[in-house]
Amino acid sequence: MEFPFEVDVVFGERITTVDQHLRPSGRRGPTVTQVNLQRQLMTIIDEMGKASAKAQNLPAPITSASRMQTNRHVLYILKDNELKPTGKGVVIGFLKVGYKKLFVLDRHGAHNEVEPLCLLDFYVHESLQRHGYGKELFEHMLQHERVEPYQLAVDRPSEKLLCFLRKHYSLRETIPQVNNFVVFEGFFDHQHAPAKKLPPKRAEEEIKPYSLTDREFLKEEVEPPWPLNQSRSLTRSSSLGNSPVRSCLKPFLNEQELLKNLRLCPSHSAAHHLLNGETGSPAAQRRRTR
Ligand code: ACO
């Protein structure tokens, strides 16, 4: 992706790390003021965020400069000096991660409170996909964050990302979840901090089964997590492609298991209605997504 300013000046390094302060690491260019550099960085983040949302058929970007400022996320931005038709350098792609408190089901269906590093957004420019740039970004992130791929939770991965993880890191087997995060086999074996099992007597209302995803704010326009999205799956699948979460989880749960999981759902009756193919009013649907 090209910009009407010198990308090389905004980013001194091939892969630059950016946090909520929006100060690119390794930047140079004494003639450009810091304010200008930050404005340019914000433009890059906004444009890349839009391109990523478009590539994933999301109704709005989940990565933007303003969202970066209000979250403790880390962006890795990859640029290149050689691919520069205009001589200003190009941005190839980015990857966004952040730690999140999640309730994750283990293989036995028990809820575990964990705070893993989550892969939240990942994009390589269309013209440069399948050239190894995604792997370069991902490897850099793994080293910088000191994590192994199987320790990550992935926020609603696209089919391309699932292929990517399968190809480069042999991540195939997922552990079914009732939120939109996907974790892979090995997630619980290698947690840095031991996963905290929830006390068995804890009141159900205290358990938040659907941990907030970075895409949560899109819910009104997109959908609630599976299986509450089933009544809208047709419109959703045409607007967002096949939901890997849906396709990963569905085969694992029969109706009985599903109802067991939905005991933690804010509205049991809503789940029954959905299982029976009833959709309820739009207002009721909205309530169920929260
Ligand atoms: N179809 C299927 N698999 C693909 C595709 C594709 N169009 N593109 C990349 N891959 C997978 C394949 O496994 C591919 O290996 P192959 O070519 O041998 O089949 C492998 O990725 C290629 O690896 P890289 O070249 O290192 O990856 P790339 O630079 O293409 O980056 C990425 C991968 C970021 C997923 C990129 O394809 C992309 O931007 N896709 C569109 C946006 C997207 O889906 N992002 C993930 C959203 S979900 C989230 O961020 C949590």
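In this text the structure is predicted, and so the values were computed from the model without any measurement.

Caption draft 1: Spotlight on the pattern of salt bridges. On inspection of all chains with the given rule, the structure shows six salt bridges. Close ionic contact of Asp80 with Arg14 constitutes a salt bridge, the shortest N to O distance being 3.0 Å. Taken as a pair, Asp80 in strand β2 (residues 74-80) and Arg14 in the loop between α1 (7-10) and β1 (15-18) lie far apart in primary sequence, 66 residues in all. The exposure class assigned to Arg14 is partly exposed, which follows from its relative accessible area of 35%. Across the salt bridge formed by Lys50 and Glu47, the nearest N and O atoms sit 3.1 Å from each other.

Caption draft 2: Up close: the packing of aromatic side chains. The full count for this structure, using the stated rule, is eight aromatic pairs. On the numbers, 6.2 Å between centres and 55° between planes, the contact of Phe164 with Tyr169 is tilted. As far as the burial class goes, Phe164 and Tyr169 line up, both buried.

Caption draft 3: Region of interest: the sheet that holds β2. Pairing in this open sheet of seven strands is mixed, and the strands run β1-β2-β3-β6-β7-β9-β8 from one edge to the other. The two strands at the open ends of the sheet, each matched to only one other strand, are β1 and β8 (174-175). Two elements, strand β7 (residues 153-155) and strand β9 (residues 181-184), share two bridges in a ladder whose sense is antiparallel. Counterpart to Val154 in the pairing with β9 is Val182.

Cut-off values and rules
- Residues numbered from 1 in each chain as written.
- Predicted model: local features only at pLDDT ≥ 70, side-chain atom pairs only at ≥ 80, totals over all residues.
- Heavy atoms only, no water.
- Salt bridge = Lys/Arg side-chain N within 4 Å of Asp/Glu carboxyl O.
- Helix = DSSP H or I, 4+ residues; strand = E, 2+ residues; numbered from the N terminus.
- Buried < 20%, exposed > 50% of the residue type's maximum accessible area, 1.4 Å probe, protein only.
- Phe/Tyr/Trp six-rings, centres within 6.5 Å; stacked < 30°, edge-to-face > 60°.
- Pairing = 2+ DSSP bridges.

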